[in-house]
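A structural walkthrough
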Amino acid sequence: MLGTVLAGIVGGAVAAGSVPVVLGAVGFTATGIAASSLAASMMSSAAVANGGGVAAGSLVAILQSVGAAGLSTTTTAALGAAGSSVGAWLWGSALLL
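Quantities reported herein were computed from a predicted structural model and do not represent experimental measurements. Think of each chain on its own: its residues are numbered from 1, step by step along the sequence as written. Thresholds applied to this predicted model are a pLDDT of at least 70 for local features of residues and 80 or more for the giving and counting of side-chain atom pairs; totals over whole chains, interfaces and linings are not thresholded and use all residues. Side-chain metrics rest on all non-hydrogen atoms present in the structure, leaving aside hydrogens and water.

1. Thoughts on the overall build of the protein chain
Numbering of helices and strands starts at the N terminus; helices are DSSP runs of H or I of at least 4 residues and strands are runs of E of at least 2. In terms of regular secondary structure, the protein chain is built from four helices and two strands. Each helix and strand of the protein chain, ordered N terminal to C terminal, gives the series α-β-β-α-α-α. Relative to a compact globule of 97 residues, whose C-alpha radius of gyration would be 13 Å, the protein chain shows 17 Å and is clearly more extended. Within the protein chain, the fraction of its 97 residues that count as buried is 24%. The size measure is the radius of gyration over C-alpha atoms, and the globule rule it meets is 2.2 Å times the number of residues to the 0.38 power. Here the term buried applies to any residue with accessible area under 20% of the maximum for its type, exposed to any over 50%, and partly exposed to those in between, with areas from a 1.4 Å probe on protein chains only.

Written out as structure tokens, the structure reads:
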């Protein structure tokens, strides 16, 4: 039981904490989209497909917003809850192997 609880805690922390790290690694940073990054490539493709600009509400716009401002408290809590559930589930599955 304690292992499941710890796995849930770790899963929640990893899920909520990894989003800013991953977004920064692919180029969605607090100061804008990093040059020569995957984010820059995505932005270029989105701009070409949209006639020269990135559409508001598009995936690139949302990811840049999260990269610049971070996740809302509600979204962080939801990610943490989902990560906790997955962590606990994986721990339970590993015990069955």
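Picking up after the structure, the text goes on.
2. What about the confidence of the model for the protein chain?
Within a predicted model, pLDDT stands for the predictor's per-residue confidence, ranging from 0 to 100. Counting all residues, the mean pLDDT for the protein chain is 88, and 96% of those residues have values of 70 or more. Looking across the protein chain, the model is least confident in helix H4 (residues 73–96), with a mean pLDDT of 83, and most confident in helix H2 (residues 38–49), with 94.

3. What to know about the nonpolar core
In plain words, nonpolar cores are sets of buried Ala, Val, Leu, Ile, Met, Phe, Trp, Tyr and Cys residues tied together by side-chain atoms within 4.5 Å. Within the largest apolar cluster, six residues are counted, these being Leu-23, Phe-28, Ala-39, Val-60, Leu-63 and Val-66. By definition in these notes, contact holds between two residues if any of their heavy atoms fall within 4.5 Å. Each residue touching Leu-63, except ones within four places of it in the same chain, is listed here: Leu-23, Phe-28 and Met-42.

4. Considering the environment of Val-21
Along the polypeptide, Val-21 turns up in helix H1 (residues 2–26). Judged by its relative accessible area of 58%, Val-21 is exposed. Separated by 46 residues in sequence, Val-21 and Gly-67 place their C-alpha atoms 9.1 Å apart.

5. Side note on the environment of Thr-29
Its location among the elements puts Thr-29 in strand S1 (residues 28–29). The class for Thr-29 is partly exposed, based on a relative accessible area of 21%. Distance in space between the C-alpha atoms of Thr-29 and Gln-64 is 7.3 Å, their sequence separation being 35 residues. Not counting chain neighbours up to four residues away, the residues in contact with Thr-29 comprise Gly-24, Gln-64, Gly-67 and Ala-68.

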